[in-house]
Amino acid sequence: MQNDTKSAKGNPETVNFSNTKATLALAKASFRSIMRSPSAVIFTLAFPLIFILVFGFLGGGGTHIDVGIAPGSDMSNPVIGMLEQTRMIRLKKEKSKVEFDKLLEKGNIDAMIDVQRKVNSQAYSVKVVYTSASMDKGNILRSVLNNLFYDKSLKPTVAEIKESTVEGREYKTIDFILPGQLGFSLLSTGVFGTAFVFLSLRQTLVIKRFFATPVKRSSIVIGEAIARIGFALIGALFIIVLGHFFFGFTLVHGVLTVVNMLILATLGVIVFMGFGFIISGIAKSESMVPPISNIVTLPQFLLSGTFFSIEAFPNWLQPISRALPLTYLNDAMRKVAFEGLGLWDVKQQILILILWGIGIYAVAVKVFKWE
Amino acid sequence: METRKAIISVNNLVKNYDDFKAVQGLTFDVYEHEIFGLLGPNGAGKTTTLEIIETLREKTSGEITVDGLSIDKQAQEIKQIIGVQLQAAGYYPNLNLIELIELFAGLYGADIKPMAMLEKVNLQDKAKAKYKALSGGQKQRFSIATTLINQPKIIFLDEPTTGLDPQARRNLWDLIKEIRNNGTTVVITTHYMDEAEQLCDRVAFVERGRIIALDTPDNLIDNLVNSGFERKKEVKKANLEDVFINLTGQEWRE
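The shown structure was predicted, so the numbers you read here are calculated from the model rather than taken from an experiment.

*Asks:* Can you help me understand the overall build of chain A in this one?
*Replies:* In terms of helices and strands, chain A carries 13 helices and 4 strands. Across chain A, the fraction of contacts at a sequence separation of at least 24, relative to all contacts at a separation of at least 6, is 72%. Total accessible area on chain A is roughly 18500 Å²; 64% of this is exposed by carbon and sulfur atoms.

Encoded structure:
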C-alpha cells in the first residue's frame, strides 16, 4: 500500500479510524512509559522484593525461641536432648550466668534453663527462668516443656515421647508474606500509578491533545488500564516465580495456582485503580498525590494482613481490617496459593472486592476530571 | 488565492464563561489553502475561538462548519480532517519522538512511517530523543509534525513561535509556508505583527471577543497609510532583527 516516498503528499493513504487500534496504541505507549518510570518499577517490584528477601532469609520456622543453658547444667539428659531436636528452640550455651541474666533482662534470650539430676534419684529437676521482656515466647516454651514433662516426669529415664503429629504442609513465612506483599504491590501500582498518570496527563494537556484526535474517552481509560494491568501482572508473576524458586513459596497446584493468583491480581488492580482515578480527580497538583494516596494505601498496608495476620490485632481493630479491600485480596491469595482452593472457593472474598469496586467506581465517575 | 472557497465558516460565534463574554458574535471565513492569522492581545478570545473550531470546547451559540461538516453534529468527522497544535501542550511522558508519532498514528488510525513524519520537520536526528529534551524550536516543529499525521486539510497552530529566537522563528515560518504550499490550510494565532505580515495571507484582528478588522496584511497597511498615518520615526530599509540575523547567520541552531 504505502510506498517509500518521503513526501507523503499525494499518497493514497487512507485514514481508517478504529477504536481498537487507538486503544491498543495508547496501551502500548502507556506500557512503555510505565516500564521507564522508576517509581512504578520501585513500587511494584523493588519494595515487595525487599520485604520478601528480608522475610525469606529470616528462615522457614518463623518464630524462634532462644533458650540459654545455665552454666553447670547437666547436658546429657533427655530434656535437653528433646529441646535440641525442637526446631523452634535455639539453645545458647557457654555463657556465664551474669551474661545470661543481662540477655534475659533485655529479652535477647527468651528463657534460661538449668537441669540437674536429683540426688539419689533418676529424676531430673528442671529450673526455668522466663523473662517479662519476652512473655509470649516464654509461654510457648512453657507449653513445649509441659509437653515434654507430661511424659517424662513419670518415666524420667525413658527418652521416648509419644507424640503423634499429622504430616501437614509446612506453613512457611514466605507463604504468609508473599501474598501480602503481592497484594500491596498491586495496591500501590493501582493507586499511585493511576493517580499520577491521569493527573499529569490532564495538567500537561496531553489528554486535551488526545481529544483533538478521533479517540474516544473510553479508549483512553481502557488503554491506560490495559497497560497498568499488564505491568502489574508481569510484576506479580515475577514475584511469584522468584518466591517459588528461591524461597520455596508454596504453589499447591503449580501453574493452575499461578493462573488463579493472576486472575485475583487482575481483579485487585482494577479495584485499586478506582482509588487512583478518584485521587487524580481530587488532587490539585502532583505534590498532593502522595499524601492522599498514602491515606488510602498505608492503612491497608498495616491493617490488611500484609505482615501480620489480622487475628493478631486487638478486637476493636479487627472490624476495620475486615472492612478493607486489600484484606480480602490477601485472604483470597493465601487460600488459593497455600490451601490450594479454587476461585469458586474464595467467592466470598471476590464478591466483597467486586462490591468495593462498584462503590469506588461510582465515586470515581463523579469526581474524575478530564480537563 | 483565486479560488476563494471557504473551508471554515464561522457565523455569529458566541462564547460566555459565566459572566465573562469571551467571544461576542465572531463571523469570518477561512479560505482553502491560505494561512489565516487570528491576531489580538491576550484574552481577546483567539484561543477560545480556535478551541471551539477544533471541537475541544462547547460554544454558547452560533454556527460553524469545517469543510462542510457541522461542528454540532459531525465533531468526530471534523477531528479526522484537522490537525491541532495546542498552546503549551505536553506529550506522553517517557516516550521518544518515534514512539510519540506511533501513538498519534494509532489515535488517528493513520498508516504512516514515523521517520518520514520526523523528516518533514527535520527532526530525524532526534528520533530517539524525549520531547522534554528538545529545544523550543524543535518542540514546536515536533508539535507541528503531530498535526500532520492524519494528513489533515486544515491545521491549527496556537502561538507556535512564542519564545523562539529569530532563527528558530524564521525556520518555523518556512515550515508553515511549505505546509500551506502542499495544500493544507493553516490557521494560526500570534502576537507578533511582523510574523503575521510575513506569513499570513489574511489576518483578522480580534479585540474583546469581536473582529475589528479582516483583510490581507497589505490592504490593512495600505488603508492605514491612506488614512494619513505616518510613523514617527522614518522607516529604514532594514530593522534590528535583520541586523541580528545578518550578524548571527541564517543558520538555525539547536
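*Asks:* Quick question: what am I supposed to make of the interface of chain A and chain B here?
*Replies:* Interfaces are often sized by the accessible area lost when the parts come together. Each side of the interface is counted separately: chain A has 38 residues, and chain B has 39 residues. For the pair chain A and chain B, the summed buried area comes to about 3500 Å², and 53% of that belongs to carbon and sulfur atoms. Taken together, the connections running from chain A to chain B amount to 5 salt bridges. For Lys28 of chain A, the salt bridge goes to Glu102 of chain B, with nearest N and O atoms at 3.9 Å. Our enumeration of links across chain A and chain B arrives at 14 residue pairs in polar contact (both at pLDDT 80 or more).

*Asks:* Would you mind showing me how to read the UniProt feature "domain: ABC transporter" (unreviewed entry) in chain B here?
*Replies:* As recorded in UniProt, the sites labelled "domain: ABC transporter" (unreviewed entry) are residues 8-233 of chain B. In this annotation, residues 8-233 of chain B is assigned 35% helix and 27% strand; the end-to-end C-alpha distance for the span is 39 Å.

*Asks:* Is there a simple way to think about the confidence of the model for chain B in this case?
*Replies:* Predicted coordinates in regions of low pLDDT should not be interpreted in detail. Chain-level pLDDT for chain B is 91 on average; 97% of the residues reach the 70-or-more range. In the predicted assembly, ipTM is 0.91 and pTM is 0.78.

*Asks:* Just to check I follow, could you spell out the packing of helix H1 (residues 19-35) of chain A against helix H3 (residues 97-108) of chain B for this structure?
*Replies:* In a packed pair of helices, the relevant descriptors are the angle between the two axes and the axis-to-axis distance. Here H1 of chain A crosses H3 of chain B at 155°, and the two axes come no closer than 7 Å. With respect to their mutual orientation, H1 of chain A and H3 of chain B come out roughly antiparallel. For the pair H1 of chain A and H3 of chain B, the crossing hand works out as left-handed. Residues Lys21, Ala22, Ala25, Leu26, Lys28, Ala29 and Arg32 of chain A of H1 of chain A form the contact with H3 of chain B, whose participating residues are Glu99, Glu102, Leu103, Gly106 and Leu107 of chain B. Residue composition of the contact of H1 of chain A with H3 of chain B, grouped by class: 6 nonpolar, 1 polar and 5 charged.

Parameters at a glance
- Residues numbered from 1 in each chain as written.
- Chains lettered and ligands numbered in written order.
- Predicted model: local features only at pLDDT ≥ 70, side-chain atom pairs only at ≥ 80, totals over all residues.
- Heavy atoms only, no water.
- Helix = DSSP H or I, 4+ residues; strand = E, 2+ residues; numbered from the N terminus.
- Contact = heavy atoms within 4.5 Å.
- Areas by Shrake-Rupley, 256 points an atom, 1.4 Å probe, with all protein chains shown as cover.
- Buried area = accessible area lost by both parts, 1.4 Å probe.
- Salt bridge = Lys/Arg side-chain N within 4 Å of Asp/Glu carboxyl O.
- Polar contact = N/O pair within 3.5 Å; in protein donor to acceptor, adjacent residues only side chain to side chain.
- UniProt positions renumbered as here; feature names shortened; annotations may be inferred.
- pLDDT = per-residue confidence, 0-100.
- Axes fitted to C-alpha atoms, helices over the stretch in contact; angles between N-to-C directions.
- Parallel < 35°, antiparallel > 145°, perpendicular 65-115°, else oblique.
- Left-handed = near helix turned anticlockwise from the far one by under 90°.
- Nonpolar A, V, L, I, M, F, W, Y, C, P; charged D, E, K, R; others polar.

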